[in-house]
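Structural overview for review
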Amino acid sequence: FWTLPTALLAGDAAATGIAVVNSIGNLAGFASPFAVGWLLDRTGSTDTGILALALCMVAGSALVLAMPARLVDR
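Conventions we followed
- Residues numbered from 1 in each chain as written.
- Predicted model: local features only at pLDDT ≥ 70, side-chain atom pairs only at ≥ 80, totals over all residues.
- Heavy atoms only, no water.
- Helix = DSSP H or I, 4+ residues; strand = E, 2+ residues; numbered from the N terminus.
- Rg over C-alpha atoms; globule rule 2.2 N^0.38 Å.
- Contact = heavy atoms within 4.5 Å.
- Expected span 1.5 Å × (residues − 1).
- Buried < 20%, exposed > 50% of the residue type's maximum accessible area, 1.4 Å probe, protein only.
- Axes fitted to C-alpha atoms, helices over the stretch in contact; angles between N-to-C directions.
- Parallel < 35°, antiparallel > 145°, perpendicular 65-115°, else oblique.
- Left-handed = near helix turned anticlockwise from the far one by under 90°.
- Nonpolar A, V, L, I, M, F, W, Y, C, P; charged D, E, K, R; others polar.

1. Focus on the overall build of the protein chain
Assigned secondary structure in the protein chain consists of four helices and zero strands. Scanning the protein chain from its N terminus toward the C terminus, one meets helices and strands in the order α-α-α-α. For 74 residues, the compact-globule estimate of 2.2 N^0.38 gives 11 Å, and the protein chain exceeds it by more than 25% at 16 Å. Taken along its principal axes, the extent of the C-alpha atoms in the protein chain is 50 × 25 × 10 Å. Pairs at least 24 apart in sequence give 39% of the contacts found in the protein chain among residues at least 6 apart.

This is the structure:
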């Protein structure tokens, strides 16, 4: 994800995009273990939490793959 802001944006906007990627990563560092723990308490198994994390990763991958090449290859 680090290469997307600089591929899509220029100048100050690219720096802001990198900051947004970093902020989302920091939030995920808190939210992911919290969500897995919460789901563990609710279901009694870590399988649900790991599945939720895997689905988030698949959704993020699909979003990146869905980007038109003309936007990235300029």
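2. Thoughts on helix H2 (residues 12-43)
In an α-helix, one turn spans 3.6 residues, which is why side chains three or four residues apart end up on the same side. The terminal C-alpha atoms of H2, which comprises 32 residues, lie 45 Å apart, in line with the 46 Å expected from a rise of 1.5 Å per residue. Within H2 the residues assigned to the buried category are Ala14, Gly17, Val36 and Leu39. Contacts from the buried residues of H2 go to helix H1 (3-8) and helix H3 (47-65). One or two positions beyond H2, positive phi appears at Gly44, with a value near 80°.

3. Brief notes about the packing of H2 against H3
Packing of H2 against H3 brings their axes to within 7 Å, and their N-to-C directions diverge by 140°. In terms of axis orientation, H2 runs oblique to H3. Handedness of the H2/H3 crossing: right-handed. Contact residues: H2 offers Ser32, Val36, Leu39 and Thr43, while H3 offers Thr48, Gly49, Ala52 and Leu53. Among the residues forming the contact of H2 with H3, the class breakdown is four nonpolar, four polar and no charged.

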